[in-house]
Number of protein chains: 4
Amino acid sequence: MKEVRVAIVGAGWMGRAHATAFRTVPMVFGREPAMPVLEVVADVNEGAAKALAEEFGFARWTTDWRDVLGDPRVDVVDITTPNDLHPPIAIAAAEAGKHVYCEKPLANTAAEAKAMTDAAEKAGVVTLVGFNYLKNPGQGFAKAIIDKGEIGAVNLFRGTFDQDFMSDPDVPFSWRQDRKIAGSGALGDMASHTLSYSQYLVGEIDEVCGMTGTFIKERRVAAGGSGHSAKATADAPRRAVENDDVVQFLIRYTSGAMGVIEASRIGTGRKLWLTYEIQGSKGALFYTQERMNEVQLYRHTEPAAERGYKTVFIGPEHPNYGAFFPIPGIGLGYNDQKIIEAHDLVVAIATGKKAFPDFRFGLEINRVVDAVLKSVDERRWVKISEIA
Amino acid sequence: MKEVRVAIVGAGWMGRAHATAFRTVPMVFGREPAMPVLEVVADVNEGAAKALAEEFGFARWTTDWRDVLGDPRVDVVDITTPNDLHPPIAIAAAEAGKHVYCEKPLANTAAEAKAMTDAAEKAGVVTLVGFNYLKNPGQGFAKAIIDKGEIGAVNLFRGTFDQDFMSDPDVPFSWRQDRKIAGSGALGDMASHTLSYSQYLVGEIDEVCGMTGTFIKERRVAAGGSGHSAKATADAPRRAVENDDVVQFLIRYTSGAMGVIEASRIGTGRKLWLTYEIQGSKGALFYTQERMNEVQLYRHTEPAAERGYKTVFIGPEHPNYGAFFPIPGIGLGYNDQKIIEAHDLVVAIATGKKAFPDFRFGLEINRVVDAVLKSVDERRWVKISEIA
Amino acid sequence: MKEVRVAIVGAGWMGRAHATAFRTVPMVFGREPAMPVLEVVADVNEGAAKALAEEFGFARWTTDWRDVLGDPRVDVVDITTPNDLHPPIAIAAAEAGKHVYCEKPLANTAAEAKAMTDAAEKAGVVTLVGFNYLKNPGQGFAKAIIDKGEIGAVNLFRGTFDQDFMSDPDVPFSWRQDRKIAGSGALGDMASHTLSYSQYLVGEIDEVCGMTGTFIKERRVAAGGSGHSAKATADAPRRAVENDDVVQFLIRYTSGAMGVIEASRIGTGRKLWLTYEIQGSKGALFYTQERMNEVQLYRHTEPAAERGYKTVFIGPEHPNYGAFFPIPGIGLGYNDQKIIEAHDLVVAIATGKKAFPDFRFGLEINRVVDAVLKSVDERRWVKISEIA
Amino acid sequence: MKEVRVAIVGAGWMGRAHATAFRTVPMVFGREPAMPVLEVVADVNEGAAKALAEEFGFARWTTDWRDVLGDPRVDVVDITTPNDLHPPIAIAAAEAGKHVYCEKPLANTAAEAKAMTDAAEKAGVVTLVGFNYLKNPGQGFAKAIIDKGEIGAVNLFRGTFDQDFMSDPDVPFSWRQDRKIAGSGALGDMASHTLSYSQYLVGEIDEVCGMTGTFIKERRVAAGGSGHSAKATADAPRRAVENDDVVQFLIRYTSGAMGVIEASRIGTGRKLWLTYEIQGSKGALFYTQERMNEVQLYRHTEPAAERGYKTVFIGPEHPNYGAFFPIPGIGLGYNDQKIIEAHDLVVAIATGKKAFPDFRFGLEINRVVDAVLKSVDERRWVKISEIA
């Protein structure tokens with residue numbers, strides 16, 4: 001039995017989620033074609049690295065991610081750090097011949113994403129970007145419906161990603177509002193997921209025109225960190241929010257299809273309103289991550305008396321679901337998406353095939369993000385081709 | 001008991017709907033403060049005018065709408081003709097001192113709408129534009145929620161109007177695709193309704209940036225008319241579609257709020273997907289006309305353990321519902337909206353008050369429509385103030 | 001043009017609803033094959049009779065329903081009185097050769113309903129019972145689906161009728177809680193509607209076993225009447241509630257299918273939760289009157305990857321909808337069901353055909369109601385054949 | 001750090017699910033107060049036992065469950081065998097002083113369940129029955145709402161459990177249709193889950209009256225086993241289905257509340273339609289496992305203009321959710337319920353407290369199941385007190 005040995009860089013919440021996913025992969029998918037092995041965890045916070053290592057049974061830990069590059073026992077470097085560290089780690093890892101698994105967005109800028117993609121493609125390593133929402137079996141189902149032409153030519157894509165965890169102005173400042181670390185706000189952090197649907201299901205974008213807004217101009221800084229449960233005292237210092245709370249942009253696809261994507265981290269009323277509606281000449285699809293076990297399908301080709309949106313529960317007929325449950329509707333959760341993603345990575349590495357979505361896929365999303373930012377700055381339509 | 005005597009201009013489907021509404025008003029609302037009386041119907045099609053007159057008990061009929069202007073027995077001129085005839089009839093009616101009830105959109109251009117509004121305001125007559133979806137009791141409920149500050153400051157408006165009655169390319173050409181008669185397509189015909197929500201519930205728009213698309217480039221011309229049930233033979237001549245099947249535009253409100261409106265007459269999968277979502281700093285509202293007896297309300301100010309969108313069925317606590325039913329959830333229909341609209345007109349005329357939505361309200365919508373068209377033509381953001 | 005001249009007995013809320021429906025019929029359906037004419041209204045309350053007559057243009061009014069029996073200008077007697085008056089009026093009308101339109105339930109007991117049915121069948125007059133929820137175009141659609149075998153053999157019927165207008169113990173006593181006038185409570189008033197679906201869509205019942213409950217044992221008596229908006233003062237006298245707030249009963253159909261029906265007038269949370277779910281060997285249907293423009297259809301015969309409940313909006317392909325609107329999803333309301341019902345009556349009388357649902361249909365429902373009451377009293381399964 | 005060492009008896013699908021849950025517990029909840037350790041797996045099928053042991057890292061395996069009883073390294077015996085083996089294993093385990101974790105239903109008969117409960121209580125061991133649907137954080141939320149009196153006195157419980165994995169008559173015979181192994185059909189297998197809600201949220205049942213139906217009288221026997229993916233050839237032998245496809249029963253609670261529970265394994269159209277609606281004097285709750293991240297809450301005490309069912313996504317304010325995600329709506333899945341269950345067991349054993357739901361809870365459900373069967377056989381209402 002082959003092993004895929006993993007070095008996780010970043011021992012925070014997402015590093016833990018990845019470790020959990022790797023540990024669960026063989027329990028769900030079995031041990032073929034390979035078993036992931038937690039080899040090493042790196043974090044500048046020594047305590048965090050050590051704790052994760054012990055808890056999840058990593059063979060060792062380090063405070064310097066560079067340690068893992070020359071380590072022959074490491075097959076894949078898994079990057080779960082803040083966004084600004086993705087490029088140096090990914091490039092170094094690829095140059096060291098390691099496969100690279102990187103959380104989304106691939107980078108804060110298209111230029112950095114391009115350097116990462118070039119490095120990885122030159123090195124010929126397997127890459128995978130953590131757009132885990134694509135791993136829901138429903139997305140493979142939707143893709144097959146579209147590819148078979150069952151909804152005809154796609155005319156319109158309408159996508160969102162709203163959450164309201166920042167709606168309350170008392171929620172303290174977090175690194176996600178720090179432009180240097182996070183890049184853009186709702187755009188890069190959230191709309192990038194919506195763009196992953198757009199790119200997977202509809203295809204290449206020709207041009208965009210967008211607007212952004214920051215409605216809560218400053219937030220208090222919590223003393224003890226900036227996680228989801230952090231609380232700032234009433235007299236805590238305030239810091240300016242440096243990126244967008246809300247983004248909305250128009251899309252013209254190369255195919256001629258039209259689109260709109262919206263994202264908001266102050267999307268009051270919505271918890272995980274990551275949605276798409278795809279209208280074609282013969283049918284349509286609707287999906288929301290809030291009801292992640294359901295895909296809505298409409299066929300205009302049915303008899304007029306019986307047309308309507310149909311709620312299809314994902315099941316063993318759809319990709320990967322059968323590894324979990326033998327009948328539809330039992331209920332996958334968010335963590336299960338991450339398990340499928342980790343499994344896809346392991347399979348690609350073990351079989352020498354490309355993984356999906358790879359760095360090039362992630363780069364294309366970064367280019368759209370940059371084009372949206374440029375269109376906001378210059379108040380005009382921007383072609384994706386304007387972004388190098 | 002006072003009477004409000006009505007002259008309907010246009011004996012088509014919408015003229016019939018208005019006549020039905022007027023006839024039903026006293027059965028629902030009683031006879032106070034006034035009774036509408038069907039006085040005269042005008043239509044160039046003599047047969048249509050005569051038939052409607054006989055069927056609904058109009059006192060008389062005519063083939064020339066100018067006949068009604070000097071008729072002292074007419075209190076209000078009700079215009080249900082194609083859009084291009086709205087301005088001459090409305091202006092002449094106002095100048096003749098008649099109150100004017102006009103179907104939406106008020107006009108095909110803001111300039112025409114302005115002339116109509118000026119004429120009506122100068123004459124001091126009551127005006128009402130048929131944005132009947134505003135008459136749903138749910139909209140008054142939503143307005144009250146917003147005005148009381150219960151969802152806080154509005155940050156985002158997301159509106160749509162999708163229908164799929166034109167999705168099938170075999171549906172023949174209709175006057176709605178004729179730019180000269182109808183003006184724009186989905187924009188003026190459908191998005192104008194969405195704009196009526198936006199204007200009523202959120203307020204003044206500062207600037208817009210939009211795009212349009214025509215996906216079915218030409219349609220066959222049916223021999224026997226162009227109603228919803230018309231069918232063209234396979235060898236029927238084809239005619240170019242002259243306006244937009246789909247429109248999408250970004251909005252910046254004067255308040256700083258952001259918005260997107262989308263409309264499509266090839267909105268596959270949607271039957272009456274006239275919707276809005278309004279996100280505020282403290283709560284949110286969602287509404288779809290497909291479920292016209294329900295308003296969704298969310299309060300972020302509730303305890304975290306119990307926050308969620310609530311489905312409120314319209315009922316006797318909301319405007320006008322009590323005239324129909326004593327308890328909530330019994331079920332209003334589209335025609336009931338029109339009855340409320342006709343009643344509002346009658347009350348305004350009888351009591352000498354302004355009606356809502358009046359010509360100025362309709363003019364503001366026409367200005368936004370023109371700004372969107374200009375932004376599409378010139379591929380840039382357009383201020384509403386650029387439209388005279 | 002033939003006229004169908006109507007005598008309405010009962011000038012209350014329901015009498016007004018019938019009058020409105022008759023007046024609207026020709027506006028929706030045209031004047032063929034006949035026009036309903038409001039001939040006379042009878043009510044012991046002279047003021048109510050006179051007011052309704054004037055408001056709706058009845059030719060005359062009377063305080064004694066017997067007056068209409070010998071009146072040759074009356075074609076049909078329309079009974080909208082409290083339940084206990086249905087039998088004497090209906091029998092006398094039939095014996096006088098009048099067609100009879102009677103609100104539901106047909107009677108308070110099966111014995112009375114039988115006498116009414118026998119009298120009408122002997123006289124050969126047209127009869128129609130006001131189970132207006134059957135008139136929703138969605139029910140004709142569901143019936144066609146079942147009759148074509150598209151959901152296979154029906155195995156299970158699950159029906160409800162919950163409303164919460166009596167949930168609040170401060171809502172005063174009404175005639176609906178008076179056993180002498182209303183008979184049973186939620187059972188006869190509400191479950192009878194659910195039974196009308198059951199009988200129409202599934203068929204004959206063999207036996208039942210039920211239970212009832214009265215959770216609010218007494219209510220205050222309002223001084224000024226007992227309508228939905230009545231309010232009793234804190235010191236008002238109290239009166240015992242004499243019939244069921246809630247009923248639930250098991251059903252075995254003659255076909256072998258199984259069923260449950262539940263109804264509650266203290267059905268907290270539900271506004272018009274008149275629903276059914278019908279599970280067959282090949283598919284299923286779900287309907288709720290709260291969303292009266294939608295029917296849910298499921299086909300187990302579709303490919304496993306695409307099975308799911310489909311939301312079908314009623315439209316012109318379904319019975320009667322086309323008389324209202326040319327495209328689906330525009331929105332019928334409760335009053336539109338009543339218009340269809342009144343039209344069905346007029347057509348039947350004008351064409352000499354039977355109307356649906358007739359007295360025999362209503363009688364079968366009364367027999368089930370009596371069987372349920374007997375099963376509650378005797379705490380055992382009761383065959384419908386035990387009810388004469 | 002304390003360890004809780006587990007012996008799993010039964011290496012099938014459910015045994016694997018338990019092993020996965022135990023392995024995941026520390027990744028979600030951390031290692032305090034104790035870590036579960038997979039000590040030994042027992043299965044008469046040696047290959048299955050060995051494979052599970054190797055795959056999940058059990059210290060050892062055996063083909064005889066009796067081996068684990070005297071093993072001092074075993075703290076808890078976890079029974080995932082077919083139902084008929086629950087009693088002997090559980091009783092022997094308890095007598096050996098082992099804590100016992102047993103899949104539901106506790107036993108096929110109340111008598112057996114009583115023997116198990118008596119043995120466990122006498123031995124003073126911790127017990128837990130695998131009614132995992134109770135572990136959804138939404139149920140703890142619902143329980144708190146009810147206990148705080150926020151929906152007032154409960155008047156009505158309406159529960160279901162429909163799945164359609166057996167709707168197709170071509171699905172082969174499985175052990176679930178074998179009365180000797182499985183006991184009843186939909187009643188014991190599915191309605192027992194619904195009863196677990198009823199018992200947890202509403203309380204003690206006084207009497208029941210039920211009916212059952214077997215609509216597919218015989219099924220073909222698949223050569224290669226009877227799992228969810230088994231297929232029988234067209235010429236396979238047929239075997240009579242020995243228990244109920246469908247069950248429906250009326251409930252009278254000790255409190256006076258009324259109820260109905262229905263379950264069907266041929267519940268066409270439903271995938272995991274495990275639902276309840278609880279109507280109280282002041283509010284109501286609705287839940288369906290098909291949307292397991294949502295609880296519907298209604299408060300009749302809100303202002304009349306704003307009453308409606310609210311969709312509350314489960315989140316960190318509800319029990320155990322916070323161990324998974326820091327914000328609501330992220331999406332738990334079925335497997336996460338099982339992780340919570342396994343964690344609850346570990347905590348109870350480590351802290352010496354009782355676990356929930358224990359054998360006594362499971363016994364009460366078995367008593368109701370037996371009462372329903374008796375009521376079906378004898379066609380009458382049966383008191384739970386009639387069941388020993």
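About the criteria used
Residues numbered from 1 in each chain as written. Chains lettered and ligands numbered in written order. Predicted model: local features only at pLDDT ≥ 70, side-chain atom pairs only at ≥ 80, totals over all residues. Heavy atoms only, no water. Least-squares fit on C-alpha atoms with pLDDT ≥ 70 in both. Contact = heavy atoms within 4.5 Å. Buried area = accessible area lost by both parts, 1.4 Å probe. Salt bridge = Lys/Arg side-chain N within 4 Å of Asp/Glu carboxyl O. Polar contact = N/O pair within 3.5 Å; in protein donor to acceptor, adjacent residues only side chain to side chain. Helix = DSSP H or I, 4+ residues; strand = E, 2+ residues; numbered from the N terminus. Core = buried A, V, L, I, M, F, W, Y, C linked by side-chain atoms within 4.5 Å. Buried < 20%, exposed > 50% of the residue type's maximum accessible area, 1.4 Å probe, protein only. Lys, Arg positive; Asp, Glu negative; His and termini not counted. Pairing = 2+ DSSP bridges. Axes fitted to C-alpha atoms, helices over the stretch in contact; angles between N-to-C directions. Right-handed = clockwise from strand over helix to strand, strands pointing away. Parallel < 35°, antiparallel > 145°, perpendicular 65-115°, else oblique. Nonpolar A, V, L, I, M, F, W, Y, C, P; charged D, E, K, R; others polar.

Draft legend 1. Local environment of the relation of the copies chain D and chain A. Note on the identical chains: chain D maps onto chain A by a rotation of 180 degrees and an axial translation of 0.0 Å, with an RMSD of 0.0 Å. Taken together, the rotation angle and the small translation identify this as a two-fold axis. Identified as the residue of chain D closest to the rotation axis by C-alpha distance is Gly333(D), at 1.9 Å. Of the residues that chain D buries at the interface, 100% are likewise interface residues in chain A, meaning the two copies contact each other through the same surface.

Draft legend 2. Representation of the interface of chain D and chain C within the structure. Across the boundary between the two partners, chain D contributes 50 residues, which contact 50 residues of chain C. Across the interface of chain D and chain C, roughly 3,800 Å² is buried in total on both sides, 55% from carbon and sulfur atoms. Taken as a group, Met211(D), Met258(D) and Thr268(D) account for 17% of the area that chain D buries against chain C, more than any other trio of residues on that side. For Glu207(C), the salt bridge identified is with Arg379(D), shortest N-O distance 2.6 Å. The tally of links from chain D across to chain C stands at 20 residue pairs in polar contact (both at pLDDT 80 or more). Taken together, the elements giving at least two residues each to the side of chain D that touches chain C come down to β7 (154-162), β8 (205-213), β11 (246-253), β12 (258-264), β13 (273-280) and β14 (283-288) of chain D.

Draft legend 3. A look at the interface of chain D and chain A. With 33 residues of chain D at the contact, the number on the chain A side is 33 residues. At the boundary of chain D with chain A, total buried surface from both sides reaches about 3,100 Å², with 60% on carbon and sulfur atoms. At the boundary of chain D with chain A, the tally comes to 2 salt bridges. Among the salt bridges present, the one from Glu294(D) reaches Arg291(A), with a minimum N-O distance of 2.7 Å. On the surface where chain D and chain A come into contact, there are 6 residue pairs in polar contact (both at pLDDT 80 or more). Of all the secondary structure elements, the ones that give two or more residues to the side of chain D that touches chain A are α1 (13-29), α2 (46-56) and α8 (334-351) of chain D. No other element matches α1(D), which puts 7 residues into the side of chain D that touches chain A.

Draft legend 4. Layout of the nonpolar core. Within the largest apolar cluster, 512 residues are counted, with the highest numbers of intra-cluster contacts made by Phe249(A), Phe249(B), Phe249(C) and Phe249(D). Dropping the residues within four chain positions of it, Phe249(C) is found in contact with Leu187(C), Ala191(C), Leu195(C), Val208(C), Cys209(C), Gly210(C), Gly259(C), Val260(C), Ile261(C), Val368(C), Val372(C) and Leu250(D).

Draft legend 5. Highlighting the side chain of Asp336(B). Residue and element names in this part refer to chain B. Position of Asp336 among the secondary structure elements: in helix α8 (residues 334-351). In this structure, Asp336 is buried with no salt-bridge partner, the nearest side chain bearing the opposite charge being Lys338 at 13 Å. Polar contacts involving the side chain of Asp336 include one to the main-chain amide nitrogen of Gly333, which spans 2.8 Å. Setting aside anything within four residues of it in sequence, one finds Asp336 in contact with Phe324 and Gly331.

Draft legend 6. Just the relation of the copies chain D and chain C, in detail. Mapping chain D onto chain C is achieved by rotating through 180 degrees and translating by 0.0 Å along the same axis, at an RMSD of 0.0 Å. When the interface residues of chain D are mapped onto chain C, 100% of them again fall at the interface, so both copies present the same face.

Draft legend 7. Highlighting the sheet that holds strand β3 (residues 60-62) of chain D. All names here are of chain D. One open sheet holds the 6 strands; their spatial order is β3-β2-β1-β4-β5-β6, and the pairing between them is parallel. The sheet is open, and its two edges are formed by β3 and β6 (127-129), each paired on a single side. The sheet shows a mean angle of 25 degrees between the axes of neighbouring strands, taken without regard to direction. With 4 bridges connecting them, strand β4 (residues 76-79) and strand β5 (residues 99-102) associate as parallel partners. Across the sheet, the residue bridging to Ile79 is Cys102, located in β5. Each of β1 (2-9), β4 and β5 touches helix α3 (residues 86-95); the most contacted strand, β4, lies at about 175 degrees to it. Across the sheet, α8 touches β1, β2 (34-42), β4, β5 and β6, and the angle it forms with β5 is around 165 degrees.

Draft legend 8. Structural view of the sheet that holds strand β4 (residues 76-79) of chain A. Residue and element names in this part refer to chain A. With parallel pairing, 6 strands are arranged side by side in an open sheet as β3-β2-β1-β4-β5-β6. Strand pairing shows two members of the sheet lacking a second neighbour, β3 (60-62) and β6 (127-129), which therefore form its edges. Neighbouring strand axes in the sheet, compared pairwise and without regard to direction, differ in orientation by 25 degrees on average. Where strand β5 (residues 99-102) lies against β6, 3 bridges are found, and the strand directions are parallel. In the strand pairing of β6, Tyr101 is matched with Leu128. Sheet strands in contact with helix α2 (residues 46-56) are β2 (34-42) and β3, and its direction is about 165 degrees off that of β3.

Draft legend 9. Focus on the pairing of strand β1 (residues 2-9) of chain B. All names here are of chain B. With 8 bridges joining them, β1 and strand β2 (residues 34-42) adopt parallel strand pairing. The residue of β2 that forms the bridge with Val6 is Leu38. Each parallel crossover has a hand, and for β1 linked through helix α1 (residues 13-29) to β2 it is right-handed. For β1 and strand β4 (residues 76-79), the ladder comprises 4 bridges, and the chain directions are parallel. Each bridged residue has a counterpart across the sheet, and for Val6 the counterpart in β4 is Val76.

Draft legend 10. View of the environment of Val41(A). All names here are of chain A. Secondary-structure assignment places Val41 in strand β2. Taking the relative accessible area as the measure of exposure, Val41 reaches 0% and is therefore buried. Sequence separation between Val41 and Thr62 is 21 residues, and the spatial gap between their C-alpha atoms is 6.3 Å. Those residues in contact with Val41 that sit more than four places away from it in its chain are Ile8, Ala11, Ala49, Leu52, Ala53, Phe58, Arg60, Trp61 and Thr62.

Draft legend 11. Geometry of the packing of α3(D) against helix α4 (residues 110-123) of chain D. Residues and elements named next belong to chain D. Between α3 and α4, whose axes approach to 8 Å, the crossing angle comes to 10 degrees. The angle between α3 and α4 falls in the class roughly parallel. In this structure, α3 uses His86, Pro87, Ala90, Ile91 and Ala94 to contact α4, whose residues at the interface are Glu112, Ala115, Met116, Ala119, Ala120 and Ala123. Residues that form the contact of α3 with α4 fall into these classes: 9 nonpolar, 1 polar and 1 charged.

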